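Residues per chain, in single letters:
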Amino acid sequence: MLRVASLTIAPVKGMRTVKADALELVESGPVGDRAFHVREGDGEIALTMRNPRLVQVVPTWDVADQELTLAFPDGRRVTAPVVRGEAVSTPFYDGRQVPGRIVDGPFADALSEHLGRAVELVANEEDVVGGDDHPVTLMSDGSLAAVSEALDGAAVDPRRFRMTISVEGARAWEEDGWAGREVAIGTATLRIAVPTVRCAVTMRDPDDGHGDLPILRALAALRGKRDVAFGVWCDVAAPGTVRVGDAVEPVDESVI
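It should be emphasised that the depicted structure is a prediction, and the values quoted were computed from it without experimental measurement.

Chemist: Quick one: what's the story with the packing of helix α2 (residues 141-150) against helix α3 (residues 215-223), residue by residue and with numbers?
Modeler: Direction vectors running N to C along α2 and α3 enclose 105°, while the axes themselves pass 9 Å from each other. Classified by the interaxial angle, the pair formed by α2 and α3 is roughly perpendicular. Here α2 contributes A146, V147 and A150 to the contact with α3, which in turn contributes I215, A218, L219 and L222.

Chemist: Describe the pattern of salt bridges, naming the residues involved and giving the relevant values.
Modeler: The tally for this structure, following the rule as stated, stands at 15 salt bridges. Here R34 and D33 are joined by a salt bridge, their closest N and O atoms 3.0 Å apart. We classify R34 as buried; its relative accessible area is 10%. A relative accessible area of 10% means that D33 is categorised as buried. In this structure, E125 and R101 form a salt bridge, with 3.5 Å as the shortest nitrogen-oxygen distance. With E125 in the loop between β11 (119-124) and β12 (136-140) and R101 in strand β10 (residues 97-104), this residue pair connects regions lying 24 residues apart in the sequence.

Chemist: I'd like a description of the environment of T187, backed by residues and values.
Modeler: In this fold, T187 is placed in the loop between β14 (182-185) and β15 (188-197). For T187 and V156, which are 31 residues apart along the polypeptide, the C-alpha to C-alpha distance reads 30 Å. When sequence neighbours within four positions are dropped, the list of residues in contact with T187 reads P239, G240 and T241. Within the structure, T187 has its side chain in polar contact with the backbone nitrogen of T241 (distance 2.7 Å).

Chemist: Please provide a residue-by-residue account of the sheet that holds strand β7 (residues 67-71), values included.
Modeler: Two orientations exist for strands paired in a sheet by backbone hydrogen bonds: parallel and antiparallel. The antiparallel open sheet is built from 3 strands, whose spatial order is β6-β7-β8. Looking at the sheet topology across the chains shown, the edges are occupied by β6 (58-62) and β8 (77-81). Ignoring strand direction, the axes of neighbouring strands in this sheet form an average angle of 10°. Judged from the 5 bridges that link them, β7 and β8 form a sheet pairing that is antiparallel. Along β8, the bridge assignment pairs E67 with P81. Its contacts with the sheet put helix α1 (residues 107-115) on β7 and β8, and the angle it makes with β8 is roughly 155°.

Chemist: For the pairing of strand β9 (residues 83-91), give the residues involved together with the corresponding values.
Modeler: It is a general feature of regular strands that their side chains alternate between the two faces of the sheet. Where β9 and β10 come together, 7 bridges link them in antiparallel fashion. The residue bridging A87 from the neighbouring strand is R101, located in β10. Between β9 and the antiparallel strand that follows it, β10, lie 5 residues; G95 among them carries a positive phi value of about 95°.

Chemist: Could you give an account of the environment of A46, with specific residues and numbers?
Modeler: The topology assignment puts A46 in the loop between β5 (36-40) and β6. For A46 and L121, which are 75 residues apart along the polypeptide, the C-alpha to C-alpha distance reads 9.8 Å. The residues contacting A46, other than those within four sequence positions of it, are V38, R39, E40, N51 and L54.

Chemist: So, the sheet that holds β9: which residues are in play, and what are the values?
Modeler: Reading across the sheet, the 4 strands line up as β5-β11-β10-β9 and stay open at both edges, with antiparallel pairing between neighbours. In this open sheet, the two edge strands, each paired with only one partner strand, are β5 and β9. Taking the axes of each pair of neighbouring strands and ignoring which way they run, one obtains an average angle of 45° across the sheet. Relative to β11, β5 is paired through 5 bridges, and the arrangement is antiparallel. Its bridge partner being in β11, F36 is matched across the sheet by A123.

Chemist: Mind laying out the nonpolar core, listing which residues take part and the relevant values?
Modeler: Core analysis: the biggest nonpolar cluster contains 24 residues, and L25, L138, I165, I185, L190 and V248 have the highest contact counts within it. Not counting residues within four places of it along the chain, the set of residues in contact with L190 comprises L25, V136, L138, I165, R181, E182, V183, I185, C234, D235, V236 and A237. Core analysis: the second largest hydrophobic core is formed by 23 residues, V12, F36, W61 and F72 among them.

What counts and how
- Residues numbered from 1 in each chain as written.
- Predicted model: local features only at pLDDT ≥ 70, side-chain atom pairs only at ≥ 80, totals over all residues.
- Heavy atoms only, no water.
- Axes fitted to C-alpha atoms, helices over the stretch in contact; angles between N-to-C directions.
- Helix = DSSP H or I, 4+ residues; strand = E, 2+ residues; numbered from the N terminus.
- Parallel < 35°, antiparallel > 145°, perpendicular 65-115°, else oblique.
- Contact = heavy atoms within 4.5 Å.
- Salt bridge = Lys/Arg side-chain N within 4 Å of Asp/Glu carboxyl O.
- Buried < 20%, exposed > 50% of the residue type's maximum accessible area, 1.4 Å probe, protein only.
- Polar contact = N/O pair within 3.5 Å; in protein donor to acceptor, adjacent residues only side chain to side chain.
- Pairing = 2+ DSSP bridges.
- Core = buried A, V, L, I, M, F, W, Y, C linked by side-chain atoms within 4.5 Å.

Keep in mind these values describe shape, not function.
Pasting the structure below:
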């Protein structure tokens with residue numbers, strides 16, 4: 001039986017992902033996921049490839065109390081209520097403009113010091129799909145094992161792929177075959193869109209950001225020269241709650 005092995009979110013886009021026992025999925029994605037992004041001084045999104053030290057910062061976002069904590073690798077912790085200031089629009093890598101508000105307070109200075117360049121923290125406006133092309137990502141343990149095998153058995157940390165939902169019990173690339181179908185998980189239903197094309201960030205260690213494993217080369221060897229997809233994008237067809245251990249049940253195409 002297919003089950004949810006783990007759930008993760010990134011409260012701040014590009015920072016360390018954090019595990020969750022349960023997620024509330026709404027149309028725009030998991031509540032609390034990609035609620036913030038980091039913005040360069042020139043107004044562009046702060047990409048992890050340009051700022052690999054972003055993954056060293058561990059965010060904790062208390063949605064109920066509207067309080068954010070950023071934990072830095074030197075032991076510093078910056079905690080403050082989120083105060084939304086000036087309205088801005090940040091162009092993301094996929095070309096879409098993401099509206100938000102500059103977060104006032106101590107976060108910008110702490111992040112700028114850590115990254116060695118001037119940046120700002122931005123709170124996305126409500127209902128922004130904070131992930132990328134689609135609000136949820138899903139991968140299987142079978143696909144992860146295939147990548148590990150292609151790398152001569154190297155341990156591949158699943159956090160490299162920053163997936164929302166990891167599924168256990170599936171064959172390699174089984175999730176690709178769900179494209180266009182609905183999948184029931186917990187009290188939510190996802191609609192599987194397309195495989196997720198990966199970028200060079202997957203080749204960086206998810207704890208400190210240094211480059212270490214040729215993930216893209218392994219994917220190309222497994223899937224074809226021009227195919228470096230891993231996992232699948234999903235839309236939320238029916239909001240609900242997903243928990244670790246929930247059954248993952250692809251719906252028969254004939255009943256959709």
